[in-house]
Amino acid sequence: QRMKTDKLDMMQFHWWDYGDKRYIDALKHMTDMKAEGTINALSLTNFNADYLEYIVDQNQIPIATNQVSYSLIDRRPENFMVPLCEKHNIQLITYGTLLGGFLSE
């Protein structure tokens, strides 16, 4: 109501304690919100490939994007994340690409 909108274009979900499986419940609730038209796209931040695969394969939760750290120095997402995202048509959003200015100065 305070945002004066009926629908969010994208909701990014971040979780820090993977031992606490309630994040699956939260994502299922957001999937319901997507089905109801409250949000257009459900996205993740900082989920590694193993957890992303668990979310989409075992729980059938539709994910639009995953935002991860990626740079010329840290190219780890190329190993597992990129192929997984391509397999599931998930867009990859990156941050830290210039390492906080380290690569641009």
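Quick summary incoming for the structure in this document. Keep in mind it's a predicted model, so treat the numbers as computed, not measured.

Observations concerning the pairing of strand S4 (residues 91-95)
In regular strands, side chains alternate between the two faces of the sheet. Pairing geometry for strand S3 (residues 65-69) and S4, over 5 bridges, is parallel. Bridged to asparagine 66 within S4 is leucine 92. Since S3 and S4 lie parallel, the crossover through helix H3 (residues 81-88) that links them has a hand, and here it is right-handed.

Topic: the layout of surface pockets
Its boundaries defined by the atoms lining it, the largest pocket holds a volume of some 240 Å³. Taken together, 13 residues form the lining of the largest pocket, with Asn48, Val68, Arg76, Pro77 and Met81 sitting closest to its centre. Residues belonging to the lining of the largest pocket are distributed by class as follows: 7 nonpolar, 4 polar and 2 charged.

Observations concerning the pattern of salt bridges
Enumeration according to the criterion identifies 3 salt bridges in this entry. When the shortest N-O distance is used, the salt bridge between arginine 76 and aspartate 74 registers 2.7 Å. By relative accessible area, which is 61% here, arginine 76 ends up exposed. In this structure, the salt-bridge partner of arginine 75 is glutamate 78, at a minimum N-O distance of 3.0 Å. Judged by relative accessible area, arginine 75 falls into the partly exposed class, the value being 41%.

Overview of the sheet that holds S3
Pairing in this open sheet of 4 strands is parallel, and the strands run S1-S2-S3-S4 from one edge to the other. Of all the strands in the sheet, just strand S1 (8-14) and S4 have a single pairing partner and so form its edges. Recorded for the sheet is a direction-independent mean angle of 25 degrees between the axes of neighbouring strands. On top of the sheet, helix H1 (residues 22-36) reaches S1 and strand S2 (39-45); it is set at about 155 degrees to S2, its chief contact.

Rules of the game
Residues numbered from 1 in each chain as written. Predicted model: local features only at pLDDT ≥ 70, side-chain atom pairs only at ≥ 80, totals over all residues. Heavy atoms only, no water. Pairing = 2+ DSSP bridges. Helix = DSSP H or I, 4+ residues; strand = E, 2+ residues; numbered from the N terminus. Right-handed = clockwise from strand over helix to strand, strands pointing away. 1 Å grid on protein atoms, 1.4 Å probe; cavity = no way out; pocket = protein on both sides within 12 Å on 5 of 7 lines; lining within 4 Å. Points joined across faces, edges and corners; volume = space filled by probe spheres on them. Nonpolar A, V, L, I, M, F, W, Y, C, P; charged D, E, K, R; others polar. Salt bridge = Lys/Arg side-chain N within 4 Å of Asp/Glu carboxyl O. Buried < 20%, exposed > 50% of the residue type's maximum accessible area, 1.4 Å probe, protein only. Axes fitted to C-alpha atoms, helices over the stretch in contact; angles between N-to-C directions. Contact = heavy atoms within 4.5 Å.

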